[in-house]
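Close look at the chain arrangement
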Number of protein chains: 2
Amino acid sequence: MAEAGPFVKEITPPDQDYSQWYQDVVRKADLADYGPVAGFMVMKPAGYALWENIQAGLDRRFKATGHVNAYFPLLIPESLLMQEAAHVAGFTPEVAWVTQGGQEQLSERLAIRPTSEVMVGAMYAKWVQSYRDLPLLINQWNNVVRWEKVTRPFLRGKEFLWQEGHTAHSSAEEAMAETLRMLEVYREFLETELAMPTRKGQKSDSEKFAGAELTYSVEAMMGDRRALQAGTSHYFGTRFATAYGIRFLDRDGVEKHAFTTSWGMSTRVIGALIMVHGDGRGLVLPPRLAPIQAVIVPIGANASPEVLGAAQRLHGELSETLRVHLDQRPEYTPGWKFNEWEMRGVPLRLELGPRDMAAGQVVVVRRDTGEKRPLPLAGLAGQLGELLEAVQADMLSRAEERLRQHTHAASDYGEARQILTDRLGWVEAGWCGSVACEDQVKEETGATLRNLPLDQPAPALCLVCGQPARHMALWGRAY
Amino acid sequence: MAEAGPFVKEITPPDQDYSQWYQDVVRKADLADYGPVAGFMVMKPAGYALWENIQAGLDRRFKATGHVNAYFPLLIPESLLMQEAAHVAGFTPEVAWVTQGGQEQLSERLAIRPTSEVMVGAMYAKWVQSYRDLPLLINQWNNVVRWEKVTRPFLRGKEFLWQEGHTAHSSAEEAMAETLRMLEVYREFLETELAMPTRKGQKSDSEKFAGAELTYSVEAMMGDRRALQAGTSHYFGTRFATAYGIRFLDRDGVEKHAFTTSWGMSTRVIGALIMVHGDGRGLVLPPRLAPIQAVIVPIGANASPEVLGAAQRLHGELSETLRVHLDQRPEYTPGWKFNEWEMRGVPLRLELGPRDMAAGQVVVVRRDTGEKRPLPLAGLAGQLGELLEAVQADMLSRAEERLRQHTHAASDYGEARQILTDRLGWVEAGWCGSVACEDQVKEETGATLRNLPLDQPAPALCLVCGQPARHMALWGRAY
């Protein structure tokens with residue numbers, strides 16, 4: 001019979017080597033594995049189940065805001081990709097090229113989509129003729145390939161899964177409203193489902209998406225206080241419509257270019273989920289997203305038929321309202337199972353042994369706090385439902401607290417440097433808008449301008465140069 | 001205001017040119033469009049919504065039979081692909097090759113997956129050590145690329161969407177049971193959700209999947225009586241396990257090769273759906289699969305505020321139990337809307353005008369039969385629910401009737417030839433098992449051996465050569 005001890009010891013403590021801790025959690029919680037081509041990851045069932053729940057939560061929100069799904073082809077002709085200059089410059093260095101199809105050498109190279117603005121743009125140009133054809137509000141769930149040099153599971157890979165929304169509108173105002181609406185959908189989704197607070201804001205010109213007029217992001221703070229861009233929403237104005245010919249006859253009889261947007265969230269958020277909530281014992285999953293919300297572990301080295309029977313009845317009852325799993329594997333000890341399910345981040349563990357049965361109770365252990373308490377079997381489903389809501393709320397509170405506690409309004413540039421480098425916090429302060437000041441912070445601290453928080457007035461002065469500030473800006477070291 | 005007339009006339013009558021009729025329906029029902037690379041299709045929202053419902057129905061069944069989802073990489077190293085000889089021979093001619101990643105010329109070509117047996121096999125070899133690791137029951141939803149020469153929307157494309165299940169087992173019996181279980185899942189799914197009857201059977205050696213020991217299929221009959229292979233399930237024995245090293249230490253302490261299976265269903269079934277149920281007026285969708293089950297069309301060239309208000313209230317009420325859409329576009333006439341929604345295959349149309357309001361009723365029109373009748377507004381949701389069930393059942397009955405009526409037990413080969421060529425029916429008769437007889441039928445009639453129906457005893461003699469028969473066999477011309 002397997003022993004309890006060695007399991008957890010294989011995780012590197014996060015305060016010793018955060019990067020190694022992350023990789024240990026990915027591996028030990030069985031979320032992903034390395035594929036045969038370097039930089040390509042296999043999402044194992046435990047990892048993919050997280051993505052399925054993310055998909056369900058986002059897709060519901062996309063549809064509630066009037067969007068429909070479609071599917072656009074994987075391969076983009078080189079000539080088509082080359083029509084929008086800024087987009088080309090941004091993406092060409094990391095495109096994978098198909099040069100042979102079957103026995104045939106292709107006359108034109110085909111790019112595996114790194115993103116689909118140009119493919120969608122070419123199709124929208126066919127589909128849009130009149131103002132009556134607008135808005136087009138389409139999302140797609142797919143895979144994209146970007147030939148990244150340094151890769152890490154979930155965070156950066158040569159292939160990843162995501163959704164990319166692409167919309168076309170008859171006015172700038174409507175397209176801008178869409179851009180911000182979807183940014184808010186991301187913020188609300190991450191907060192509600194992943195217990196992940198973020199800061200919404202506009203990207204600086206040097207950080208925006210290749211081809212966008214404006215890019216907005218939601219930025220989350222990881223356990224090591226680095227920032228992670230968890231979702232982006234882009235306003236293109238008429239740039240892509242001009243490059244790809246998306247024109248419509250407006251109500252006033254004048255032919256105009258459409259205004260387009262795009263917005264995306266990827267499997268990268270699973271990396272963020274790990275780093276926002278994980279701890280020294282492994283993954284910690286928020287109940288709303290957890291594929292298994294509670295695991296039942298029968299107690300006693302050789303769980304008696306009575307205990308197993310009671311556990312099975314309990315499993316049946318709870319399954320009606322919760323996502324619950326009964327671990328009745330005979331070849332593992334309860335202690336080994338405790339460690340494994342902690343590692344896998346299951347929010348609640350229910351221990352049921354002979355003494356609990358006699359007392360008409362189960363012992364319930366919270367994954368997030370380790371808190372342990374008996375709960376009566378009578379009315380248990382309701383109690384657990386409330387407890388899961390409390391866990392979800394507490395996880396969000398703690399993540400919010402971390403974000404607040406480590407975001408500083410630096411009084412001068414010296415203090416800001418110290419916060420960004422020594423204390424690894426975020427700095428929120430004025431920025432004059434110059435690339436020079438942005439670059440200086442990056443060179444001297446390694447921190448980047450994460451975004452320009454929405455709805456916050458600009459302070460008086462730029463943190464870096466002391467000239468009048470044009471924006472409030474958020475700096476931090478980032479993934 | 002647009003006129004009613006021209007719309008439907010644009011569909012070629014199916015008995016005039018079935019192939020053109022099919023393409024007209026795909027285009028006019030707005031299911032798909034051609035992408036910028038020949039052979040690559042865009043699935044438009046109306047087409048993709050069908051796939052979403054197919055995915056939901058299949059995924060639920062996969063999970064109910066113990067499977068979980070995962071995601072394996074898109075690109076397969078050439079050397080890995082080459083390890084299973086029959087598989088290589090079957091797929092290499094239609095593989096798309098990536099030769100450049102970013103600025104880097106790759107040292108080894110990478111295949112875009114035409115299917116994932118080898119990728120999954122390589123990973124399973126890492127994941128399986130002990131009998132305790134088995135069975136592995138994993139499915140994935142993804143895109144694949146096959147460089148087909150002749151393509152048609154949904155039916156055959158250079159890229160398509162599908163699911164591919166891959167399982168590994170500790171015994172041949174268990175793997176065989178899995179192969180047949182998933183075949184039955186396909187059959188039941190198609191019958192229940194798509195109102196599409198099929199015939200289950202084993203493929204002949206010349207028609208089986210490259211690398212499989214046994215392939216099984218479900219075959220559906222289209223409106224032109226051609227067969228379409230709607231789903232396949234493969235038993236690999238230990239072939240892939242041997243090629244890719246999937247070995248486990250069994251209970252008896254002996255290291256053995258695992259037994260594997262795979263099974264897949266693709267967006268091709270949308271083509272089948274069109275051809276099983278469609279008619280001269282366009283698409284006909286079975287209610288269980290239809291994204292919109294009933295459309296409300298307010299009547300009166302300029303629908304009055306009273307009628308519109310009543311239609312909106314009706315929409316609100318019905319939305320609680322049905323997938324219902326209210327078409328309140330002012331720029332189209334009711335007649336134009338009738339044609340459009342017929343074209344798009346919506347199962348029920350609800351007409352609501354001033355006279356209906358006065359009579360406390362709506363006029364309900366079935367898409368499948370054209371039958372028109374008033375139904376009282378009181379208790380309408382329940383009535384429509386029953387009517388939708390009746391439509392679903394009737395659509396299945398008619399499709400079953402067609403399949404039965406056009407499947408013939410030919411008394412001799414001459415009659416069989418005549419059935420297969422002139423009457424375009426299917427023939428069910430004995431087969432000796434020889435490739436010669438199989439080839440002869442193909443050459444002389446264009447029909448292929450669809451499958452060897454399960455659970456049917458072999459007749460006495462082979463239809464073709466008159467030698468003793470080894471199997472019952474089903475022949476038909478196929479897509």
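The structure we're discussing is the one just above.
Please read these numbers as outputs of a predicted model, since none were measured by experiment.

We now examine the sheet that holds strand S23 (residues 471-476) of chain B. Residue and element names in this part refer to chain B. The strand order S3-S7-S8-S14-S11-S10-S9-S22-S23-S21-S20 describes an open sheet built from 11 strands, whose pairing is mixed. Both edges of this open sheet fall to strand S3 (68-69) and strand S20 (407-408), since each of them pairs with a single strand only. Where strand S9 (residues 199-202) meets strand S10 (residues 214-221), 4 bridges bridge the pair, whose relative direction is antiparallel. Bridging across to S10, Arg199 finds its partner in Glu219.

Attention now moves to the environment of A:Gln392. Residues and elements named next belong to chain A. Looking at the secondary structure, you find Gln392 in helix H13 (residues 380-405). A tally of 21 C-beta atoms within 10 Å means that Gln392 is categorised as buried. Residues Gln392 and Arg288, spaced 104 residues apart in sequence, show a C-alpha to C-alpha distance of 7.1 Å. Look past the residues within four positions of Gln392 in its chain and what remains in contact with it is Ala195, Pro286, Pro287 and Arg288.

Quick look at the nonpolar core now. Judged by nonpolar contacts, the single largest core of 300 residues is most densely connected at A:Met196, A:Ala220, A:Ala272, B:Ala220 and B:Ala272. With residues near it in sequence (within four places) discarded, A:Met196 still touches A:Leu190, A:Glu191, A:Ala220, A:Ala230, A:Ala272, A:Leu273, A:Val276 and A:Ala399.

Turning to the packing of helix H3 (residues 45-64) of chain B against helix H7 (residues 172-194) of chain B, a few remarks are in order. All names here are of chain B. At a closest axis distance of 11 Å, the pairing of H3 and H7 adopts a crossing angle of 140°. One element, H3, and the other, H7, form an angle in the oblique class. Where H3 crosses over H7, the handedness of that crossing is right-handed. Residue-level inspection shows Gly57, Leu58 and Arg61 of H3 in contact with H7, the latter providing Val185, Phe189 and Glu193. Class assignment of the residues belonging to the contact of H3 with H7 gives a composition of 3 nonpolar, 1 polar and 2 charged.

Each value, and the rule that gives it
Residues numbered from 1 in each chain as written. Chains lettered and ligands numbered in written order. Predicted model: local features only at pLDDT ≥ 70, side-chain atom pairs only at ≥ 80, totals over all residues. Pairing = 2+ DSSP bridges. Helix = DSSP H or I, 4+ residues; strand = E, 2+ residues; numbered from the N terminus. Buried ≥ 20, exposed ≤ 12 C-beta atoms within 10 Å, placed from the backbone. Contact = placed C-beta atoms within 7 Å. Core = buried A, V, L, I, M, F, W, Y, C linked by C-beta atoms within 7 Å. Axes fitted to C-alpha atoms, helices over the stretch in contact; angles between N-to-C directions. Parallel < 35°, antiparallel > 145°, perpendicular 65-115°, else oblique. Left-handed = near helix turned anticlockwise from the far one by under 90°. Nonpolar A, V, L, I, M, F, W, Y, C, P; charged D, E, K, R; others polar.

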